[in-house]
Structures are given as structure tokens and as C-alpha cells.
Amino acid sequence: MLITLSGWVPRELICLTYQAEWSYKYETQWPGVCRAGELQSPINIMTRSAVVDYHEAHIRGPLGFRGYGDVKVAASNNGHTLKWSNIPDTPAPIVSGGPLRGNYTFLQFHLHWLSEHAIDGMKYPLEIHMVHIKTGLSVEEALKRPDGLAVMGVMGMVHSGGNSEYALDQIMPVIPDLMDRTEKDIEEKTIDMTRLFSPDPQSYYTYHGSLTTPNCQEVVTWIVMDKPLMISDSQYKMLLEVNVGARNNYRSLQATNRVVYRSVASCSAIIMPSLASTLISLMVCLSSTISAGVKKGICIITSFKKKFLRYDLPDCSKFQ
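All values derive from a computational prediction rather than experimental measurement. (Residues numbered from 1 in each chain as written. Predicted model: local features only at pLDDT ≥ 70, side-chain atom pairs only at ≥ 80, totals over all residues. Heavy atoms only, no water.)

*Asks:* How do you make sense of the pairing of strand E10 (residues 126-134) when you look at a structure like this?
*Replies:* Consecutive residues of a regular strand have side chains that alternate between opposite faces of the sheet. Burial analysis of E10 places nine of its nine residues in the buried class, the great majority of the element. Residue alternation in E10 divides its side chains into two sets, Leu126, Ile128, Met130, His132 and Lys134 and Glu127, His129, Val131 and Ile133, and both sets are buried. As paired elements, strand E7 (residues 104-112) and E10 share eight bridges and run antiparallel to each other. Residue pairing across strands places Tyr104 opposite Lys134, the latter belonging to E10. In this structure, E10 lies alongside strand E11 (residues 149-158), joined through eight bridges in antiparallel fashion. (Buried < 20%, exposed > 50% of the residue type's maximum accessible area, 1.4 Å probe, protein only. Helix = DSSP H or I, 4+ residues; strand = E, 2+ residues; numbered from the N terminus. Pairing = 2+ DSSP bridges.)

Have a look at this one:
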């Protein structure tokens, strides 16, 4: 994940955009805290291990989105990703609520193929990162604070037919001009960023982590949407032709050594491969709000399912 802007980036941070010293092919040589950090990103998010925050101890209310329907951006290829930055001195969208304490102002969004995060061990063809900075801070200040940045990750799934080109069709026309690296923005355009949102932006996982590119500062509140948007096969093939130093531009998965929270909305529309798995996942969601006695009753039922369906489910003895 890259955080730089066009037009007003401090000179000392330009290396985050145009440096040639690091490569996705040689992650073990990345500088900064990339190797020594303890809260690095991306991670493999396991649904059954995520804490459903029914009591709003961490996720305090719904996410609030302002100004995403009409955003003026400029596109560029910085040698590591394709990036669309908010034009300086134009209105910038703001996100608040959920796990965030205060407002966060949109800086830019960029693309990773394959996805950087995995959900239940599965990678997606695409991940969009929408990078925001805590309102009122400079980039330099944000990189020194644990809550300096907030990044929304939206997964993209390749789908044939239907309306699969809708989400990306605002940005695809400029891709042919971005095939090779350029050190300047090549187009300014007003787009509707809500079309890049997950189908359910209130359904997500959140955790504290890092940038996924050098210097990997651990200053990011991650909001990873769990419902992917659809992209077309032809759009994805075009992205694979872009020169970003390698065929893919994602960082390897890091240790999942921290609490990952899950929004309540993520339990209301679970997409699983089978009905039985869906029922089991729903039971996991409900388990944090019902009494121990009811838990025991559910466990007896699910133990019956375990016997025949061979799923790993809770031991009923702990509810005695």
C-alpha cells in the first residue's frame, strides 16, 4: 500500500512513490520496520477467529461516508501500482465512524493484483486500497502516529457477463496510457468513487496494522470489506499487462498476531460455499450475545451436525 500524493508530497517522502530501491521480488531486503515490525500487513483474516463487536467496544456505530460521489483525481503509474490521487485544493471525501476515532480525509486509491489480504485463506484477483489520513495531520505527522492512517480494502472478483464492468469502467479507459511507469499524472477526471465500494460497505473486518510497502510503518487502521465487487475478465487481463516491476504487485502475508474485529453487519449476509457452513457461521456470530444455557442447546444441535457433517465445532462440555 502506497500513501503518497501528487502535487504536495514532502520531498523526504517522495521515496515512497518513486524509489527504485525496493521490489516485490525481494521482500526480504525491504528497509524500515518491514522485517522487524510486529504488527505488519497484510494478513490472512480468519472469519471464525474474528471478534464480532456486538457491544460496540471497538466498532462504535456504522461507518460514515461523505463526498465520495464526485471526486476529482489524477492517475499515474509509479512503478509499483496504478494510483488515482485526489487533486490538491479540491474537495476530498471523508470517512468516519466504525473503528475510527475522528474524521479521515481521502488521499488516493490504488490497485493490487492479486489481493494483499486473504479471507479464510482465499486470495482475490484484485484489491483496491482507499487511503485516508487523519484530518488535520500532514503525511509526515501521520506516519508517526499509530492512528495516523485509515485504509479501506475492497476485494475484486472476476465475473463473466452481467454488469461486471460497471465498477471499474470509469478508470479503465486511462489504463493503456499507464502501461509504463511515469513520474507525472497523466489525466485529471471526476469519478464516482462509490462505484468502487464493496456491495455492503458496512460489512467488514478491522485491525491495526502497517503499510504494505516500505517503510512499512505500523500506523494503519485497516477496514477490509468482506463482500467483493465484480470485475470483468477483460479488465483483469489488461491490469496484468501493466508494468509495475513484476506480474503481480502484492506483499506476502504477515503474521496474524493480533485481534481482528468483525462488524455486526458481516454476520447478516454471510457468503459460504454450502448451507451447512452458512448455518454454522451464523451460530458463531450469535454465540457472543446469547446466554451460556442457550449456547449449550445450540452446541448439542451442532454436535449432531458435527457427527454427520464432520465440521470442527465447540466442545459442549465447556458450557456445563
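There's more to say after this.
*Asks:* How should the packing of aromatic side chains be read in this particular structure?
*Replies:* With the rule as written, the count across this model stands at eight aromatic pairs. Ring geometry for Phe65 against Tyr68: centres 5.8 Å apart, planes inclined by 80°, an arrangement best described as edge-to-face. An angle of 10° between the planes, with centres 6.5 Å apart, marks the rings of Tyr207 and Trp222 as stacked. With Tyr207 in strand E13 (residues 204-209) and Trp222 in strand E14 (residues 220-225), the pair connects residues that are 15 residues apart, well separated along the chain. Under the relative-accessibility criterion, Trp222 is labelled buried at 0%. Clustering of aromatic rings is evident, with ring pairs tying together Trp22, Tyr24 and Trp30. The ring of Tyr166 carries Arg195 above its face, with NZ or CZ at 4.0 Å from the centroid. (Phe/Tyr/Trp six-rings, centres within 6.5 Å; stacked < 30°, edge-to-face > 60°. Lys NZ or Arg CZ within 6 Å of the ring centre and 35° of its normal.)

*Asks:* Just to check I follow, could you spell out the nonpolar core for this structure?
*Replies:* Across soluble globular proteins, you tend to see nonpolar side chains buried next to one another. Formed by 43 residues in total, the largest nonpolar core has its most connected members in Trp84, Phe109, Trp113, Ile128 and Met130. For this core, the secondary structure elements donating two or more residues are strand E4 (71-77), strand E5 (82-86), E7, E10, E11, E14, strand E15 (229-231) and helix H3 (233-240). Counting residues per element, this core draws most heavily on E7, which supplies four residues. Apart from residues no more than four positions distant in its own chain, Phe109 is found in contact with Leu82, Lys83, Trp84, Ile128, His129, Met130, Ile171, Ile191, Met193 and Leu196. With 23 residues, the next largest nonpolar core counts Ile45, Val219, Trp222 and Val224 among its residues. (Core = buried A, V, L, I, M, F, W, Y, C linked by side-chain atoms within 4.5 Å. Contact = heavy atoms within 4.5 Å.)

In short, the description is geometric, and any link to function would need to be established separately.
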